[in-house]
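The chain contents come next:
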Amino acid sequence: MITIAQLTRLPRRFLKYYDQQFLPLLEKTGLSMREVHVLLFLANHPGQDTARDVTELRGLAKSQVSQAVEVLTDRGLLARRADGEDRRIIHLEITGEGAPLAREAQAVQAACGRRLLAGLAEEEQAVFLGLLERVLREMEELGAEKERWT
């Protein structure tokens, strides 16, 4: 039987492992993990390209996203573009200079996932990922339910 201690340990251990996989890239580029998170979010979620999208969907604080966008823009890895219909909305786009770095970060991310699941047979991986998706959906529903009552 799974314990609450196991469930609470899982995200911490995963994040520690995940962040460690990016250390060579961080050392090479001088970027922080927060900046890589923003870059990866934009690379992995086409069409969700505002700081607000990153904040809401990635779960980073607005100030953290703002700082990361500033660094990435100053380094020429991101560009800001005003929305054609609503000038208050600023879209973020990975520049030609930032694209290779985004692809490299995506490769690290993909390798991380492959390594974590390497000990499972292909069928086991499919079952695990399906069950994980169900648990995550349930957590989201419970969170939405709680928000309705508060």
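Keep in mind it's a predicted model, so treat the numbers as computed, not measured.

Cut-off values and rules
Residues numbered from 1 in each chain as written. Predicted model: local features only at pLDDT ≥ 70, side-chain atom pairs only at ≥ 80, totals over all residues. Heavy atoms only, no water. Helix = DSSP H or I, 4+ residues; strand = E, 2+ residues; numbered from the N terminus. Buried < 20%, exposed > 50% of the residue type's maximum accessible area, 1.4 Å probe, protein only. Areas by Shrake-Rupley, 256 points an atom, 1.4 Å probe, with all protein chains shown as cover. pLDDT = per-residue confidence, 0-100. Phe/Tyr/Trp six-rings, centres within 6.5 Å; stacked < 30°, edge-to-face > 60°. Axes fitted to C-alpha atoms, helices over the stretch in contact; angles between N-to-C directions. Parallel < 35°, antiparallel > 145°, perpendicular 65-115°, else oblique. Contact = heavy atoms within 4.5 Å. Salt bridge = Lys/Arg side-chain N within 4 Å of Asp/Glu carboxyl O. Patch = residues over 30% accessible without salt bridge, like charges linked within 9 Å, V, L, I, M, F, W, Y side chains within 5 Å. Lys, Arg positive; Asp, Glu negative; His and termini not counted. Charge placed at Lys NZ, Arg CZ, Asp CG, Glu CD. Expected span 1.5 Å × (residues − 1). Bend = angle between axes of the 7 residues up to and from the residue.

### Let's talk about the overall build of the protein chain
Scanning the protein chain from N- to C-terminus turns up 7 helices and 2 strands. Listed N to C, the secondary structure of the protein chain is α-α-α-α-α-β-β-α-α in terms of helices and strands. Viewed in the frame of its principal axes, the protein chain has a C-alpha envelope of about 50 × 45 × 25 Å. Each of the 150 residues in the protein chain was classed as buried or not, and the buried ones make up 27%. Total accessible area on the protein chain stands at roughly 10,600 Å², and carbon and sulfur atoms take up 56% of it.

### Re the confidence of the model for the protein chain
Fine structural detail should not be taken from predicted coordinates in areas where pLDDT scores are low. Put simply, the protein chain has an average pLDDT of 91, and 95% of its residues get 70 or more. Per-element confidence in the protein chain ranges from a low mean pLDDT of 85 for helix α7 (residues 122-149) to a high of 97 for helix α2 (residues 23-29).

### Thoughts on the packing of aromatic side chains
A full pass over the atoms with the stated rule returns 2 aromatic pairs. Ring centres of Phe-14 and Tyr-18 lie 5.5 Å apart, and the angle between their planes is 25 degrees; on these two criteria the pair is classed as stacked. Taken as a pair, Phe-14 and Tyr-18 lie in helix α1 (residues 4-21) at a separation of 4 residues, close to a single helical turn. Residue class for Phe-14 comes out partly exposed when judged on its relative accessible area of 34%. Chaining the aromatic ring pairs together yields one cluster made of Phe-14, Tyr-18 and Phe-22.

### Description of the packing of helix α3 (residues 33-44) against helix α4 (residues 51-58)
A packed helix pair is summarised by two numbers, namely the angle formed by the two axes and the spacing between the axes. In the contact formed by α3 and α4, the axes pass within 10 Å of each other and the chain directions differ by 100 degrees. Put simply, α3 runs roughly perpendicular to α4. Residues His-37, Val-38, Phe-41 and Leu-42 of α3 touch α4, and the partners they reach there are Asp-53, Val-54, Leu-57 and Arg-58.

### Re the pattern of salt bridges
Using the criterion set out here, one finds 6 salt bridges in the structure. Between Lys-28 and Glu-104 there is a salt bridge, with its nearest N and O atoms 2.7 Å apart. Of this pair, Lys-28 sits in helix α2 while Glu-104 is found in helix α6 (residues 99-117), placing the two residues 76 residues apart along the sequence. For Lys-28, a relative accessible area of 57% puts it in the exposed group. The salt bridge partner of Glu-56 is Arg-52, with a shortest N-O separation of 3.0 Å. Highlighted residues: Glu-56 and Arg-52, both in helix α4, separated by 4 residues, approximately one helical turn. Overall, Glu-56 belongs to the exposed group, its relative accessible area being 53%. Ionic contacts of the salt-bridge type, sharing partners, join the residues Asp-49, Arg-81 and Glu-93 into one network.

### Here's the deal with a positive patch on the surface
Taken together, the side chains of Arg-9, Arg-12, Arg-13 and Lys-16 present a region of like positive charge at the surface. Structurally, Lys-16 is set in helix α1.

### Some words on α1
Given a rise of 1.5 Å per residue, 18 residues ought to cover 26 Å, and the 27 Å separating the end C-alpha atoms of α1 matches this to within 8%. At Leu-10, α1 is deflected by roughly 25 degrees, the largest bend along its length, and proline Pro-11 occurs up to four residues later in sequence.

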